Amino acid sequence: MTSAIDQVFDRLRGSGRCAFIPYLTGGFPDRATCVDILVALGNSGADIIEVGIPFSDPLADGPAIQWASRKALDNGMTVRGVFELVREARPRVAAPIVIMTYCNPLFAMGPAKFAAKAREAGVSGVIVPDLPVDEAEPWLDAASSHGLDTIFLAAPNTTLPRMREIVARTKGFLYYVSMTGVTGSSLTLTESLFQHISRIRSLSDIPVGVGFGVSSPEDARALAAVADAVIVGSEIIRRISAEKTTGSQVAAAARLAGSLNDALKNGGAGASPRATRQGVSFT
Amino acid sequence: MPETLVPALEELDAAFQEARSDPSFMRELQELLKHYVGRETPLYEAKRLSERLRGPRIFLKREDLAHTGAHKINNTLGQGLLARRTGKTRIIAETGAGQHGVAAATVAALLGMECVIYMGTLDMERQALNVARMRFLGAKVQPVESGSRSLKDAVNEAIRDWVTNVYNTHYILGSVVGPHPYPLMVREFQSVIGREARSQILEREGQLPDVLVACVGAGSNAIGFFSPFLDDAVEMIGVEAAGEGLESGRHAATLIAGSVGVLHGARSYLLQDGDGQIIEAHSIAAGLDYPGVGPEHSYLKDLGRVRYESATDWEALAAFHLLAETEGILPALESAHAIAYLIRSRENSDPQRMVIVCLSGRGDKDVAQVGQRMGMKS
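Visitor: Help me out: how do you make sense of the environment of Arg135 of chain B in this one?
Guide: Residues and elements named next belong to chain B. Along the chain, Arg135 falls in helix α7 (residues 128-136). The exposure class assigned to Arg135 is partly exposed, which follows from its relative accessible area of 47%. Arg135 has contacts with Met124 and Val141, leaving out every residue within four places of it along the chain.

Visitor: How should the interface of chain A and chain B be read in this particular structure?
Guide: How big an interface is tends to be stated in terms of accessible area lost as the parts join. If you look at the interface, chain A gives 34 residues, while chain B gives 29 residues. Summed over both partners, the interface of chain A with chain B buries about 2,400 Å², with 50% contributed by carbon and sulfur atoms. Per-residue buried area on chain A facing chain B is highest for Asp57, Leu59 and Asn104 of chain A; these three make up 26% of the total on that side. Our count for the contact surface shared by chain A and chain B stands at three salt bridges. Arg162 of chain A serves as the salt-bridge partner of Glu10 of chain B, at 3.7 Å between the closest nitrogen and oxygen. Taken together, the connections running from chain A to chain B amount to 16 residue pairs in polar contact (both at pLDDT 80 or more). Those elements that provide at least two residues to the side of chain A that touches chain B are α3 (63-74), α4 (79-89), α5 (103-109), β6 (153-154) and α8 (160-169) of chain A. Considering each element in turn, the side of chain A that touches chain B owes the most residues, five residues, to α5 of chain A.

Visitor: Just to check I follow, could you spell out unusual backbone geometry for this structure?
Guide: With the exception of glycine, the majority of residues adopt a negative phi angle, and the majority of peptide bonds are in the trans configuration. Residues and elements named next belong to chain B. Arg39 connects to Glu40 through a cis peptide bond whose omega is 5°. Here Glu40 lies in the loop between α2 (23-35) and β1 (43-45). Backbone geometry places Arg54, a non-glycine residue, at a positive phi of 50°. As for its placement among the helices and strands, Arg54 is situated in the loop between α3 (47-53) and β2 (57-62). Residue class for Arg54 comes out exposed when judged on its relative accessible area of 68%. Unlike most non-glycine residues, His264 shows phi in positive territory, near 50°. Summarising the element assignment, His264 is placed in the loop between β9 (259-263) and β10 (266-270). A residue is classified by how much of its surface remains accessible, and His264, at 4% relative accessible area, is buried.

Visitor: What's the story with the layout of surface pockets in this structure? I'm lost.
Guide: Rolling a probe over the atoms, with the probe sized like a water molecule, indicates the empty space that remains. Size it by volume and the largest pocket reaches roughly 480 Å³. Forming the walls of the largest pocket are 24 residues, and the residues nearest its centre are Pro132 and Glu135 of chain A together with Met1, Pro179 and Gly265 of chain B. When residues of the lining of the largest pocket are traced back to their parent elements, those giving at least two are α5 of chain A together with α1 (5-20), β9 and β10 of chain B. Tallied by class, the residues present in the lining of the largest pocket amount to twelve nonpolar, five polar and seven charged.

Visitor: What am I meant to see in the sheet that holds strand β4 (residues 114-120) of chain B here?
Guide: The strands making up a sheet associate through hydrogen bonds between their backbones, and the pairing can be parallel or antiparallel. Residue and element names in this part refer to chain B. Judged by pairing direction, the sheet is parallel, and its four strands sit side by side in the order β5-β4-β3-β6 without closing on themselves. Two strands in the sheet have a free side with no partner beyond their single neighbour: β5 (140-144) and β6 (169-171). Geometrically, the sheet is characterised by an average inter-axis angle of 25° between neighbouring strands, direction not taken into account. Pairing geometry for β4 and β5, over five bridges, is parallel. The partner of Gly120 across the bridge, within β5, is Val144.

The rules behind the values
Residues numbered from 1 in each chain as written. Chains lettered and ligands numbered in written order. Predicted model: local features only at pLDDT ≥ 70, side-chain atom pairs only at ≥ 80, totals over all residues. Heavy atoms only, no water. Helix = DSSP H or I, 4+ residues; strand = E, 2+ residues; numbered from the N terminus. Buried < 20%, exposed > 50% of the residue type's maximum accessible area, 1.4 Å probe, protein only. Contact = heavy atoms within 4.5 Å. Buried area = accessible area lost by both parts, 1.4 Å probe. Salt bridge = Lys/Arg side-chain N within 4 Å of Asp/Glu carboxyl O. Polar contact = N/O pair within 3.5 Å; in protein donor to acceptor, adjacent residues only side chain to side chain. 1 Å grid on protein atoms, 1.4 Å probe; cavity = no way out; pocket = protein on both sides within 12 Å on 5 of 7 lines; lining within 4 Å. Points joined across faces, edges and corners; volume = space filled by probe spheres on them. Nonpolar A, V, L, I, M, F, W, Y, C, P; charged D, E, K, R; others polar. Pairing = 2+ DSSP bridges. Axes fitted to C-alpha atoms, helices over the stretch in contact; angles between N-to-C directions.

Shape is all these values report; function is a separate question.
Following this line, the structure appears as structure tokens:
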């Protein structure tokens, strides 16, 4: 079955372009503004939007997303609240929406109920950053029976046997963590990053999204050469945080999204992204 | 657990399994436990305490007399040697009361490794003495401002560091929590407490005790103490921190009042709300101030093999004073929770019964805090 996410990648691969996936913590900076920002991100070229369920102990996240999560929880955001917010934004956003949640809120609700509620809200896929693939069985069953894509993470130190397991269970796209670190650290583009992605490509056709530490159009443009998607989160949170009024927060997010999307879609710097990607050897 | 840590955990598991069956590793650990830590620690009969309580015979397993003043060194030494064996050059650890931080910093100094200790700023205030000790031992104490600014948040920060520096760093987790192999490994390094106590009481009294009592925060001293007795007909009681009272909602009684969930890579009882958000724990004893508990404790609770009780902040303070007055021993506020249970459970007043309490740490670190609390009360 072709999911909404598959369709995005089919379309972009056909035209040789890289998808842009912005992230926003659900309920940040407040509920109403969050919905407006999701809509603005959709209008600024987002191909898929990632919405985070705020969690009390986000151990894969750096300071920006930790802060946003704390703020959203202090504002009273809940798991159901995030689903409602997605449902409200859904008709105004063309891009598929994926949910990011740590595993405890997912298990507290129960995988089956979580999957059903997510689907009902119009969610296309779910990312669980602290759920290793070999412990995901109950979640995989629930997700697949509700037609949700299961987006797993792979890291620079993931071994080949594990990588095989991960790509076998991943649907929609693989979330490749650009570095050993937490979200919002600074990205260093190294040869090994490109080699790792090539290695994944030799195992599977699954689209590869790269996240963690991507903050500038220059980062995005460089990654477009090898990735099918680029995920940006902390920098969006930082831009929103720097603004005081709802209007300026929405505008700041849209402005950053527009420039990142432009870098990804139009390549900037001359070279065609796909051409460069073909240049990477698959050894 | 984030995917980045999975290879590190697999590597650690393999290294631990290999090391525990390597005679040279075990010999080095035994030598250090004997000559550096000062093991075996005494099993002392607290006769004046028994008399005062008109209670059973009470024996104290004196982990407070181990080098650095608590049982934590048993584990940090084992993990430190393991870190060196796996070629890591940097050690990180979380700490609550500071006892684990001090023990980790001590081992890092002994082995000549770089050391960073994560500690919540709330705990840095109430355990200033241990902060100074860690710094003198050459460790960097990294303040943690997030969340409840205590143990749980220090663990989060240590995990974030480990994810970032996984190639050269070993994370010395201080208790029987976290992902596999930590709960198993920490239990194995701490089970020296129970093995010694078991042979000491047999040698001295010719029979096993009737009851074991230990405080339970995340649960390392209790698991280490209990595990060698699990096949014996010995009653076991773990005492959790009831903080300001179970009904107040401000406590750390995870097993008694929590529900099952996943925190820091382990499925166990947790303090959490209906949405799976972790609720902040509360205890006067920084080392018990954790909203999770070792998964093996959850298992032993569900089996009914260990009974879990609780003691409040004030009960622990009263026990602190009672042990000081009757025996000349200042217990850590954590360990005072185990004594507090004895004070409350007067039903076991048969003078032939034998109870061993794990006195997991010494109370010097708590003197300022206790003085302040008593001053506030009067």
